[in-house]
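So you can see what is in the structure, the chains are spelled out below.
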Amino acid sequence: MKSKWTISMVMVIILITVAVFLVGFTKNQNKTPKNGYQVYLDGKLLGTIASEEKFNDYINQEQIKIKQDYGVEKVYAPKGVEIKKVVTYQKNFNSEEYIYEKLKKLKPFTIKGTVVKVEYDNESIVNSQEEDFGGHGQEGKKDPIEINVLNKEIFDQALERTIKAFVKEDDYKKYISSTQEEIVDTGSIIEDIDTQEKITYREDLLSTSDQIFTDIDTLTKYLMYGTTEKQAVYIVKEGNTIAEVAEANKLNVQEFLIANPEFTSENNLLYANQEVSVGLINPLINIIVTYHTVAEEEKKYDTEEQIDEEKNIGYLEELRAGENGSYLVTSKNQYINGQLVDSVTMSVVETKPSINRIIVKGSKVIPNVADLSYWAWPTNKPYRITSGYAYRWGSFHGAIDISGTGYGSPIYAANNGTVYRVGYKATTNGNYVVIKHNINNYYTAYLHMKKVYVKEGQTVSRGQQIGEMGNTGFVSPKPTAARPTAGTHLHFAVYIGPAYEGGYHINPWRLYQ
């Protein structure tokens with residue numbers, strides 16, 4: 001009996017084991033692992049799909065408008081989407097449409113394009129045009145910017161158009177093709193064209209909610225004006241000249257010509273009701289052009305005085321008329337956005353000597369009172385005017401900038417007077433001198449000097465050296481270790497009344513007419 005009972009128990013155990021095995025086998029038959037793809041947006045799981053390829057194809061098929069708007073063949077998932085391959089026993093996956101609809105509500109889709117990064121040289125830029133004592137802008141910091149373009153070729157062509165706004169097209173073509181003719185007697189050739197900023201490119205997915213430039217014209221406008229908004233226009237009135245229209249709209253003539261490339265000279269005629277652009281050019285990328293120039297320039301005569309002690313103040317007799325001569329001047333001139341900012345004289349050859357004017361004057365002169373019949377030029381000759389008494393970069397430059405005579409060259413008092421102020425301002429004027437001329441409320445100011453030779457209260461005479469030309473304070477281009485004399489010039493201003501103490505500036509050329 002015991003044996004039969006044992007055999008029965010063994011049989012039961014065997015049957016139970018087999019049943020369990022069969023049940024487990026059947027269950028595992030329904031749980032075969034599968035490959036799936038989990039879709040995340042910014043780290044948050046949206047669902048699991050069966051095929052990454054089909055999901056991307058679905059996005060591309062649905063986004064027809066984006067493809068039409070941007071002229072592209074493919075549209076991609078939004079930024080922040082991450083798709084991870086997983087092995088799962090999940091029986092049913094989310095549909096491509098389900099995940100697509102969720103994404104569409106959360107973030108914009110993307111297209112392939114190019115990001116152009118512009119990094120500014122904060123040692124050289126002017127970030128503000130607030131007028132200080134010298135009428136110069138203040139230094140500031142400018143963060144890098146990124147420009148989204150459909151492709152690099154669009155940006156390159158827009159940049160080339162921007163360059164051509166500041167360089168004659170024929171000169172640009174010769175420079176690019178290395179076909180510039182050598183200078184024989186006089187002339188000018190381009191030595192270098194560059195940008196002040198560092199420009200880099202990277203291919204990336206661009207969000208369609210951001211601005212993406214797809215055409216050259218719009219991008220060129222953006223590079224020139226810093227905006228795509230419509231620029232201000234002016235309706236010409238009868239008798240208007242280009243110079244008048246420019247000044248009335250706080251532009252200098254060169255800026256007007258750049259904004260209106262159909263005009264080639266300030267002497268071009270305007271007609272009534274003509275529409276011209278008077279938008280303030282504010283280039284996002286600064287174009288630097290360096291020219292090597294050989295030019296014949298006028299050597300202006302000086303005036304020699306002979307004093308007659310028997311004659312009263314105000315007596316003037318001309319013994320000999322002056323006659324201008326000429327120089328052959330070789331110089332290197334650097335322009336930023338069409339404005340001359342630096343001039344270095346390489347050599348000077350006199351081609352015709354000047355003949356000085358000789359005058360006889362009465363000797364009864366109060367030494368510290370200016371003689372209004374003749375004002376001395378404040379620098380050596382020849383010289384360059386790098387900025388005139390005109391609008392510049394949207395603000396008025398109330399002086400003339402004189403360059404080209406060399407770092408450390410003499411600076412002279414324009415007339416008799418008393419030294420009113422001597423000082424130093426690192427961010428603007430550098431070393432400067434103001435002279436009070438004690439007649440008609442005239443004052444003259446001399447900025448950016450290397451050295452100052454006079455003191456406040458000192459009497460100075462016309463033509464007396466009061467210091468040396470330099471590049472202290474804010475100058476452009478800024479001196480560097482490689483170019484320690486860059487930006488050398490004299491900011492020469494004339495005031496009626498004390499400078500920046502109730503006085504107002506006038507055009508310095510009025511003294512030399």
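Preceding block: the structure.
Summarised in this report is the structure supplied together with it.

Conventions adopted
- Residue positions are counted from 1 within each chain, in the order its sequence is given.
- Under the rules for a predicted model, residues below a pLDDT of 70 receive no local features and side-chain atom pairs below 80 are neither given nor counted, while totals for whole chains, interfaces and linings still include all residues.
- No hydrogens and no water enter the side-chain calculation; it runs on all heavy atoms of the structure.
- Relative accessibility decides the category of a residue: with a 1.4 Å probe and only protein chains considered, values under 20% of the type maximum give buried, values over 50% give exposed, and everything between is partly exposed.
- In this description a helix means any DSSP run of H or I spanning at least four residues, a strand means any run of E spanning at least two, and both kinds are numbered starting from the N terminus.
- Strands pair, by our definition, only if DSSP identifies at least two bridges between them.
- To define a nonpolar core, start from buried Ala, Val, Leu, Ile, Met, Phe, Trp, Tyr and Cys residues and group those joined through side-chain atoms within 4.5 Å.
- Only C-alpha atoms enter the line fits that serve as axes; for helices the fit covers just the stretch in contact. Angles between N-to-C directions range over 0 to 180 degrees.
- The criterion used for residue contact is that any of the two residues' heavy atoms lie within 4.5 Å.
- Any two rings among Phe, Tyr and Trp, with Trp reduced to its six-membered ring, count as a pair given centres within 6.5 Å; such a pair is stacked if its planes are under 30 degrees apart, edge-to-face if over 60, and tilted if neither.
- Lysine and arginine charges are scored as sitting over a ring when NZ or CZ, respectively, is within 6 Å of the ring centre and within 35 degrees of the ring normal.
- Any Lys or Arg side-chain nitrogen located within 4 Å of an Asp or Glu carboxyl oxygen qualifies as a salt bridge.

Attention shifts here to the pairing of strand S26 (residues 465–469). Along S26, four of the five residues are buried, which leaves the element largely enclosed by surrounding structure. Sheet analysis places strand S21 (residues 410–412) next to S26, joined by three bridges and oriented antiparallel. Paired with Ile411 across the bridge in S26 is Gly467. Relative to S26, strand S24 (residues 442–452) runs antiparallel, the two being bridged by three bridges. In the strand pairing of S26, Val452 is matched with Gly467.

With 53 residues, the main nonpolar core has Ile111, Ile147, Phe155, Leu219, Ile285 and Ile287 as its most contacted residues. By size, the runner-up hydrophobic cluster in this structure holds 25 residues, among which are Ile400, Tyr442, Val460 and Phe492.

Where strands meet in a sheet, backbone hydrogen bonds hold them as pairs that are either parallel or antiparallel. Strand order in the open sheet made by the three strands is S2-S1-S3, with antiparallel pairing throughout. Looking at strand neighbours, the two that pair on one side only are strand S2 (44–49) and strand S3 (81–88), the edges of this open sheet. The sheet shows a mean angle of 30° between the axes of neighbouring strands, direction not considered. In this sheet, S3 lies alongside strand S1 (residues 34–41) in antiparallel orientation, the contact comprising eight bridges. Considered in S3, the bridge of Leu41 is made with Val81. Running at roughly 150° to S3, helix H2 (residues 52–62) makes contact with S1, S2 and S3 of the sheet.

This part covers the packing of aromatic side chains. This structure, assessed with the given rule, holds 15 aromatic pairs. Look at Tyr58 and Tyr100: their rings are 5.4 Å apart centre to centre, the planes differ by 75°, and that puts the pair in the edge-to-face class. Linking Tyr58 in helix H2 with Tyr100 in helix H4 (residues 96–106), this pair joins segments that are 42 residues apart in sequence. Seen in terms of ring centroids, Tyr446 and Phe492 are 5.4 Å apart; in terms of plane orientation they differ by 45°. Their pairing is tilted. In this pair, Tyr446 is assigned in strand S24 and Phe492 in strand S27 (residues 490–496), connecting sequence segments 46 residues apart. Here Tyr446 and Phe492 have matching classes, each one buried. An aromatic cluster is present here, built from Trp377, Tyr383, Trp509 and Tyr512 joined pairwise through their rings. Seen from the ring of Tyr120, Lys142 lies directly overhead, with NZ or CZ sitting 4.5 Å from the centre. The ring of Tyr201 has Lys152 sitting right over it, with the charged end atom 4.6 Å from the ring centre.

This part takes up the pattern of salt bridges. With the rule as written, the count across this model stands at 25 salt bridges. Between Asp69 and Lys65 there is a salt bridge whose closest N-O contact spans 2.8 Å. With Asp69 and Lys65 both in helix H3 (residues 64–70) and four residues apart, the pair spans about one turn of that helix. We classify Asp69 as partly exposed; its relative accessible area is 47%. On the accessibility criterion, Lys65 (56% relative accessible area) is exposed. Glu191 is the partner of Lys332 in a salt bridge, and the nearest nitrogen-oxygen pair spans 3.4 Å. Taken together, the positions of Lys332 in strand S14 (residues 325–336) and Glu191 in strand S6 (residues 187–195) put the pair 141 residues apart, joining distant regions of the chain. Using a relative accessible area of 32% as the deciding quantity, one classes Lys332 as partly exposed. Put simply, Lys79, Glu146, Arg202 and Asp204 are held in one network by salt bridges that share partners.

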